[in-house]
Structure formats: structure tokens, C-alpha cells
Amino acid sequence: MTASDQKVSTGTSLYELPELVQPFIIEGCYAGAIQGGKIQTGEAGFFDVFTPITGKKIAKIGIASEDQLQHIIDQAQQSFRYWRRIPAPKRGELVLEVANLVRKYKDQLAHLITLEMGKVLSEAEGEVQEWIDMCDFAVGLSRQLYGLTIASERPQHRLMEQWHPLGVVGVITAFNFPMAVWAWNAMIALVCGNTLVWKPSEKTPLCALACHSILLQALEKFPAWSSFSAGLSAVVIGDGALGRSIALNGRVPLVSATGSVEMGRSVAKNVATRLGRSLLELGGNNAMVITPSADLSLAIRAVVFSAVGTSGQRCTSLRRLFVHESQIIAVMDALKNVYRQIKIGNPLDGNTLVGPLIDEGAWLMMHETLQTVLQAGAEKICGGDRIQPESVGDLDFTHGCYVTPAIVKIEPNVTALADETFAPLLYVISYKKLEDAVRWNNQVSQGLSSAIFTNDVREAEFFMSSCGADTGLVNVNIGTSGAEIGGAFGGEKDTGGGRESGSDAWKSYMRRATNTINYGLDLPLAQGIKFDF
Ligand code: UN1
């Protein structure tokens, strides 16, 4: 029987927190820090965690103090001294065990994501799958941390590169992908021989505890590592101040941060003061182009998933849609028709496509932006209203932020188009020449994801070329969101320049040593220099 055959179902009612996080509760309050097997009370107070589904409080959680963080970094540093000596394929065995457990607990994990973050269950399952995919990738990678051998210009010399572990990796994550983004970083960082300190979003701390629960269970399979495994991975719960301390800490050689551009700027600045490395995956302001030759039946499906999936709260969500003037009527009609039928409401209901926004702040941002663009002359095509889904049994949705996804027809020069609004708000702009659409695509400061729908190979190649879209992800005939883990994920400009997950993103988590080995009896100098004495 494989691990996935023995899946553990949620077996929980809406508010019941899964078994996985139960061990982390001390006198009614969830742990503010987890360090290896040790569950720690938060020494800096506590805060409440709410579910966006009904707005109800679901837990109280501790906040880690500065002292706790420093102690955790000490231990992560000590464990690193042992972990770096374990051969990478052996480290991969730990990640393989994590993969088995994530498969087994997939339903529980997905339920918790939906409960704490509000995305619909099938997307939450997709997020857990992303973690599984990441494990599988990292296990393979554990045997492929290749360095180059380079032809030396000197006789009887060999030139080569080795990749070594870096040390303690700080991970700061956002609420919208409360497990997968940590997994992108952690699964790779672990096989690369690093140890981890994770500060999750204050909006989704329970997901972080659940991830840690999996890791702790996996470590039980490796008793030989028990003397140092407690420091392999830690969680600290807290706000931006803790994130700032991680960024400023000279014992954390790499800080990987996902979130807003503002947060990323501050992390980058703080890490740079000590010349550390930062790996940033920040805001997107993603666009799609629908050309005259586009297959509209595909394009419309892609627009809808990219614009309203995760209630518009992916960093890859579609914000701007450039439609050729010859297609504008057909596209608008089709979108209006689909948007009318989208089921908005309880994300645990399998028919729902759009769950709640994370909180009131997100709704206010959407509402205010909508008012601003309408005042600037944009035309509302549909949506943008706060709604209240009907109660189901004892589930009352009054305090959840449920909104109808909005479409706005707008001119390309409206100032608000420069900003990312983290909500289902789609701007549609008509274009005449592809060059204009590409220019508008690139004129924003963010550079994460772009897509084109076309059946014309010249247009597709132009869009992907050096003169085309300037984002980190550039797609043809698929939407802006929903990337696979196998490619390098990230973007340019204000998106921060980092690359996570697949391809050779692992190199960010290692240090490169260039070795020159002389196996001859002479000492020739490079560049032909003579230095005889
Ligand atoms: C994010 O929103 O921060 O490509 C990550 C996607 C997902 C990851 C999104 N695989 O939409």
C-alpha cells in the first residue's frame, strides 16, 4: 500500500482544527515558536486567528520574542554544522519522507488552508500538490547538485566548481500560499544542506504549524540525526518586526521573502546593510494579450481562472487584459456571461469558484481602487459588490468578505493601472497594434507574469523575445497564473528578481567554490605571468 492509499481524511467540522496542529497547543494557546520537537509558548504575547469564511475566531496563537528568535537562530546554526556533512542524497531521504506524509495528510492540509486562508478547496488541494511536487523535485535534485569542470589554461591543472550549503536560511511568506511557498524554499534548502527559520504571515500561522508537524513526523524516521535535527527547521510567529530581525541578522546568510513590494524593499535594504543575500518574490501586475487570431474558448477560460482564481489573491493573478479591438465585443460578452454564473461563497463547497477575500482590508482596497478608476472615467462592466452568501446550517457568512469579481473597461494611461490590487479586479483595455499592447504590458514597475493568446507564431515569438514581455514568466496560450514547479518562478523589476522552485533556482541556496587543482611539478601562473626568483 502506498502512502496515498492510506490518506488521512479531515474528519473535521468547519471550525475544528486538524489533528496535525493539536500537539502545538499549550493551555489554550498555539505555540509562538517551534524549534525541532520543542513547542514554545510565545513570549511576546499572543493574537487571534480568524477564518475568512465566516470571520470567526478559530485560534489564539503566541508571538515569539526577539530572545526566542535569537535562540532559534543559534540552534539552527549549530545544527547546520552537522547537516552540511550529511551527503545530499541522504538529506533527500528526509524530503522523500516528507512527501509520503504530505500525500497521506493531503486532505487535512488542504482543509486547513481553506479554513485559514479562504481559497476554494480544489485550489487548496492544488497548493498541497505543489508541495508534493516540490518534494519530488527536491529528492531528484539531491543527486544532481552539479558543478562544472572547466578547461584550465595551465598544463596539469584542473578547474572545477563545487556547490556547498550556505547556512541558516530565513524564509518569510505571505498569506496567499501559506504552505507551497515555504515548500519551494524549504524542500530545496534542506537538500542543499541548509537549516531553516520560517516566519509565516500573521494571517496564516496555523498552516505553518501544520507544515512543521509533518516535518517533525518525518524526522522521527531518522533517529541517527536526533542530536542535531531539533535545529533543522523552526517557525517563529510574529509581525514585521521579527521579519526585520531575521533580515538584519548576520548569521542568516540568505533571506527568502515573498509578499508586498514594500516589505521586499525593507528586507532587501536590511539584508544589504550586512551584505547578505536576499531572494525576493514580490508583487505582480500581470497582463494578458488577446490577439485577432486567439482561440477565444481557451482565452476566456484562462482569463477567468487567472483573474478570479484564489479570489484574485495570487501574485500571478491577471490584473490587465489587452484585447485587440476586433475581439473586444466578443471577449466582453463572453466574460460578462461567465462572470454572471460564477458561484461565490463557502470555499468548502465543491461548486464554489470564488471564496472570500482574506479580510476587510482587502475589500476596502478593492472598493477604493474601483471608485478611483471609475472617477477617472473607467466604465464598470460588472461586479465589485460586497455580497452575503446565504447561511448554511449554523454557518453565517455575514462577517466574511465576499465580493463579486469586477471587470472595468479602461484607457491604458490611467494611473491606477500601475498598482497591484490584491483582489478580483480586472482591467480591460482595447489595443490596435501588438507593439502598443507589449509596451503597456511592460510599462508597470512590477514584472512577474504575462501571457499572450495567439495562433500566429510570429506574434507568439515576438512576445517571448528580447523585445517582448519583460516579465519573469511569459506564457503562450495559457493564463498568467498556475505555474508548474519545474520552471524557475519569479520576476523582474519591483517583483524583486529572485527565482524559486524549479530549474536551477537551487543555486540561490548554495555557495559556489571554484577550485583550481595543480597536479603537476611546476607552478605556472595564469595569464602567463612570470614571477621567478
Ligand atoms: C504566489 O501567488 O505567491 O503560479 C504564488 C501560481 C502558483 C504560485 C503562486 N503556482 O499561480
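Heads up: the structure comes first, above all this text.
Presented here is an overview of the structure given in this document. (Residues numbered from 1 in each chain as written. Predicted model: local features only at pLDDT ≥ 70, side-chain atom pairs only at ≥ 80, totals over all residues. Heavy atoms only, no water.)

Moving on, we get to the overall build of the chain. When helices and strands are tallied, the chain shows 13 helices and 27 strands. For the chain, the proportion of its 533 residues judged to be buried stands at 56%. Here the analysis covers contacts within the chain between residues at least 6 apart in sequence; of these, 74% occur between residues at least 24 apart. Accessible area for the chain stands at about 22100 Å²; split by element, carbon and sulfur atoms hold 51% of it. Here the chain holds 46 positive side-chain charges and 54 negative ones, and the gap between their average locations is 6 Å. (Helix = DSSP H or I, 4+ residues; strand = E, 2+ residues; numbered from the N terminus. Buried < 20%, exposed > 50% of the residue type's maximum accessible area, 1.4 Å probe, protein only. Contact = heavy atoms within 4.5 Å. Areas by Shrake-Rupley, 256 points an atom, 1.4 Å probe, with all protein chains shown as cover. Lys, Arg positive; Asp, Glu negative; His and termini not counted. Charge placed at Lys NZ, Arg CZ, Asp CG, Glu CD.)

Moving on, we get to helix H3 (residues 106-117). Over its 12 residues, H3 extends 16 Å from the first C-alpha to the last, a length consistent with the 16 Å expected when each residue adds 1.5 Å. In terms of burial, H3 is largely enclosed, as 11 of its 12 residues are buried. Where H3 is concerned, the buried positions are Lys106, Gln108, Leu109, Ala110, His111, Leu112, Ile113, Thr114, Leu115, Glu116 and Met117. Along its buried surface, H3 packs onto strand S5 (46-50), strand S6 (57-62), helix H2 (88-104), helix H4 (121-141) and helix H6 (205-219). With its phi angle positive at about 95°, Gly118 sits one or two positions after the end of H3. (Expected span 1.5 Å × (residues − 1).)

Let us now look at the sheet that holds strand S8 (residues 157-165). Backbone-to-backbone hydrogen bonds pair the strands of a sheet. The strands run either parallel or antiparallel. Across the sheet, three strands lie side by side as S7-S8-S27; this open sheet has antiparallel pairing. In this open sheet, the two strands that pair with only one neighbour each are strand S7 (149-150) and strand S27 (510-518). With two bridges connecting them, S7 and S8 associate as antiparallel partners. Across the sheet, residue Thr149 finds its bridge partner in S8, namely Met160. (Pairing = 2+ DSSP bridges.)

Helix length check: H6, at 15 residues, gives a terminal C-alpha distance of 21 Å against a target of 21 Å (1.5 Å per residue), a fit within 8%. Most of H6 is tucked away: 14 of the 15 residues are buried.

Attention now goes to the sheet that holds strand S22 (residues 449-453). Read from one edge to the other, the open sheet built from seven strands follows the order S16-S19-S20-S15-S14-S22-S23, with strand pairing classed as mixed. The sheet is open, and its two borders are formed by strand S16 (379-382) and strand S23 (473-476), each paired with just one other strand. When the angles between neighbouring strand axes are averaged without regard to direction, this sheet yields 20°. (Axes fitted to C-alpha atoms, helices over the stretch in contact; angles between N-to-C directions.)

Taken together, the neighbourhood of the ligand is formed by Glu130, Asn176, Phe177, Trp184, Glu281, Arg314, Cys315, Thr316, Ser481, Gly482, Ala483 and Phe489. Within the side chain of Thr316, one N or O atom sits 2.7 Å away from an oxygen atom of the ligand. In this structure, Gly482 approaches the ligand through a main-chain N or O atom, which is 2.8 Å from an oxygen atom. If the ligand stood free it would expose 320 Å²; the protein chains cover 99% of that surface. For the shell around the ligand, the class distribution of residues is five nonpolar, four polar and three charged. (Near = heavy atom within 4 Å. Polar contact = N/O pair within 3.5 Å; in protein donor to acceptor, adjacent residues only side chain to side chain. Nonpolar A, V, L, I, M, F, W, Y, C, P; charged D, E, K, R; others polar.)

Time to look at the packing of aromatic side chains. The tally for this structure, following the rule as stated, stands at 12 aromatic pairs. Between the aromatic rings of Phe222 and Trp225, the centroid separation amounts to 4.6 Å while the plane-to-plane angle is 10°, which identifies the pairing as stacked. Assessed through its relative accessible area of 13%, Phe222 is described here as buried. Exposure remark for Trp225: the relative accessible area of 9% places this residue in the buried category. Here the aromatic cluster, defined as three or more aromatic residues joined through ring pairs, consists of Tyr82, Trp83, Phe222, Trp225 and Phe228. When the ring centre of Phe46 is taken as origin, the NZ or CZ atom of Lys60, which lies over that ring, is 4.2 Å away. Lys119 extends its terminal NZ or CZ atom over the ring of Phe177, reaching a point 3.5 Å from the ring centre. (Phe/Tyr/Trp six-rings, centres within 6.5 Å; stacked < 30°, edge-to-face > 60°. Lys NZ or Arg CZ within 6 Å of the ring centre and 35° of its normal.)

Moving on to unusual backbone geometry. Phi at Thr310 is positive, roughly 55°, even though this residue is not glycine. Turning to its location among the elements, Thr310 is positioned in the loop between helix H9 (296-308) and strand S15 (318-324). Accessibility expressed as a relative area gives 3% for Thr310, which makes it buried. If you check the backbone angles, Ser311 has positive phi at about 50° while not being a glycine. If you trace the backbone, Ser311 turns up in the loop between H9 and S15.

A word on the nonpolar core. Formed by 148 residues in total, the largest nonpolar core has its most connected members in Leu109, Trp131, Met187, Leu206, Leu321, Leu335 and Tyr339. Counting residues in each nonpolar core, the second largest holds 22 residues, with Ala33, Ile72, Ala76 and Val252 among its members. (Core = buried A, V, L, I, M, F, W, Y, C linked by side-chain atoms within 4.5 Å.)

Right, let's get into the state of the cysteines. As enumerated under the stated definition, the model contains zero disulfides in all. There is no disulfide at Cys382, and the cysteine sulfur nearest it, in Cys401, is 20 Å away. Among the residues examined, Cys382 registers a relative accessible area of 17% and is labelled buried. (Disulfide = S-S within 2.5 Å.)

This part takes up the side chain of Glu127. Along the chain, the position of Glu127 falls in helix H4. Discounting residues that sit within four places of it in the chain, Glu127 has contacts with Ile113, Lys119, Asn176, Phe177, Pro178, Met179 and Ala180.

What follows concerns the pattern of salt bridges. For the structure on display, the rule yields 20 salt bridges. For Lys57, the salt bridge is made with Asp48, and the minimal N-O distance between the two is 3.4 Å. For Glu492, the salt bridge identified is with Arg499, shortest N-O distance 2.4 Å. Among the residues examined, Glu492 registers a relative accessible area of 33% and is labelled partly exposed. (Salt bridge = Lys/Arg side-chain N within 4 Å of Asp/Glu carboxyl O.)

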